[in-house]
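One-letter residues, chain by chain:
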Amino acid sequence: MRLVHLLRAVTVEFGLRGAEFAGRNGLHPTDLRALICLLDAERAGATLTPGRLGEALRLNSAGTTALLDRLERLGLVRRRRDERDRRRVLLAVEQKAVEVGWAFFGPLIANLVETAEDFTPGELDAIQRYLTAALHAAAPPGGNTKGPRSQPRP
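Throughout this description, residue numbers start from 1 for each chain and increase along the sequence as written. The predicted nature of this model means local features are confined to residues of pLDDT at least 70 and side-chain atom pairs, given and counted, to a pLDDT of 80 or more, with totals for whole chains, interfaces and linings taken over all residues. Calculation of side-chain values draws on the structure's entire complement of heavy atoms; hydrogens and water are dropped beforehand.

(A) Structural context of the packing of aromatic side chains. Pairing of aromatic rings covers Phe, Tyr and the six-membered ring of Trp, with a centre-to-centre limit of 6.5 Å; geometry is then stacked below 30 degrees between planes, edge-to-face above 60, and tilted otherwise. Evaluation of the coordinates by the stated rule reveals three aromatic pairs. With a centroid separation of 5.3 Å and an interplanar angle of 55°, the aromatic rings of Phe 21 and Phe 104 are classed as tilted. With Phe 21 in helix 1 (residues 2-24) and Phe 104 in helix 5 (residues 95-116), this pair connects stretches of sequence that are 83 residues apart. Like Phe 21, the residue Phe 104 is buried in the burial classification. For the ring pair Phe 21 and Phe 105, a centre distance of 5.1 Å and an interplane angle of 50° mean the geometry is tilted. Within this pair, whereas Phe 21 is found in helix 1, its partner Phe 105 is found in helix 5, the two being separated by 84 residues in sequence. Note on classification: 1.4 Å probe, protein chains only; a residue is buried when its accessible area is under 20% of the maximum for its type, exposed when over 50%, partly exposed between these limits. For Phe 21, a relative accessible area of 4% corresponds to the buried category. Here the aromatic residues Phe 21, Phe 104 and Phe 105 are joined through ring pairs into a cluster of three or more. Strands here are runs of E lasting at least two residues and helices are runs of H or I lasting at least four, both read from the DSSP assignment and numbered beginning at the N terminus.

(B) Fine view of a nonpolar patch on the surface. A cluster of nonpolar residues, Met 1, Leu 3, Val 4, Leu 6, Val 10, Phe 14, Leu 112, Phe 119, Leu 124, Ile 127, Tyr 130 and Leu 131, forms a patch on the protein surface that exposes about 1,100 Å² of accessible area. If you list the elements that add at least two residues to the nonpolar patch, you get helix 1 and helix 6 (121-138). Here the element with the most residues in the nonpolar patch is helix 1; it accounts for five residues. Within the secondary structure, Leu 124 sits in helix 6. Grouping into patches uses exposed residues only, defined as over 30% relative accessible area, and leaves out salt-bridged ones; the cut-off is 9 Å for like charges and 5 Å for nonpolar side chains (Val, Leu, Ile, Met, Phe, Trp, Tyr). Here the Shrake-Rupley method, with its probe set to 1.4 Å, supplies the accessible areas, and only the displayed protein chains count as covering residues. Any carboxyl oxygen of Asp or Glu that lies within 4 Å of a side-chain nitrogen of Lys or Arg is treated as forming a salt bridge with it.

(C) Up close: the pattern of salt bridges. In this structure the tally under the stated criterion is ten salt bridges. One salt bridge in this structure joins Arg 78 and Glu 94, with 3.1 Å as the shortest N-O distance. On the criterion of sequence distance, the pair formed by Arg 78 in strand 1 (residues 77-81) and Glu 94 in the loop between strand 2 (89-93) and helix 5 is long-range, its members being 16 residues apart. For Glu 94, a relative accessible area of 25% translates into the label partly exposed. In this structure, the salt-bridge partner of Arg 87 is Asp 85, at a minimum N-O distance of 3.0 Å. Because the salt bridges share partners, they merge into one network encompassing Asp 69, Glu 72 and Arg 79.

(D) A look at the side chain of Thr 49. Within the secondary structure layout, Thr 49 lies in the loop between helix 2 (29-43) and helix 3 (50-57). At a separation of 3.1 Å, a polar atom in the side chain of Thr 49 contacts the main-chain amide nitrogen of Arg 52. Setting aside its immediate chain neighbours within four residues, Thr 49 contacts Arg 88, Val 89, Leu 90 and Leu 91. Polar contact is defined as a pair of N or O atoms within 3.5 Å, subject to the rule that within protein one atom must be able to donate a hydrogen and the other to accept it, and that residues adjacent in sequence are counted only when both atoms are side-chain atoms. The contact definition used throughout considers only heavy atoms, calling two residues in contact when any of these lie within 4.5 Å.

Keep in mind that these numbers describe shape and distance, not what the molecule does.
Written as structure tokens, this is what we have:
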């Protein structure tokens, strides 16, 4: 149970950091979740469509459109037509989103990377296995654990 309680405490702290970031940048918590999904996809070399983003965030089409409208107005995301299939819309994160996110979360990420250096590769493997299992355990029954929302990136 200690691990579960500790994981909950880390989750709460990350949630507070995320809410602070969102508040400072005029974002809704769902906007922040969307940016994380988009940045993770970009880092993995993937491109999301509005439908895939909505699925990952568990939003309907109208909610996804409103979300993307907000993010575009803030200059954080842009929609563009797929050059191979003009019917398809692809999403791209603007450099401003990367810069704003890095300015806020960069120090936290640097601290976490530095902290990881104190662990052996075997310990890090065990931590990764536990966190991956915890992520799957926290997913809703029959939920999507393969979408961009749940793909942790190095």
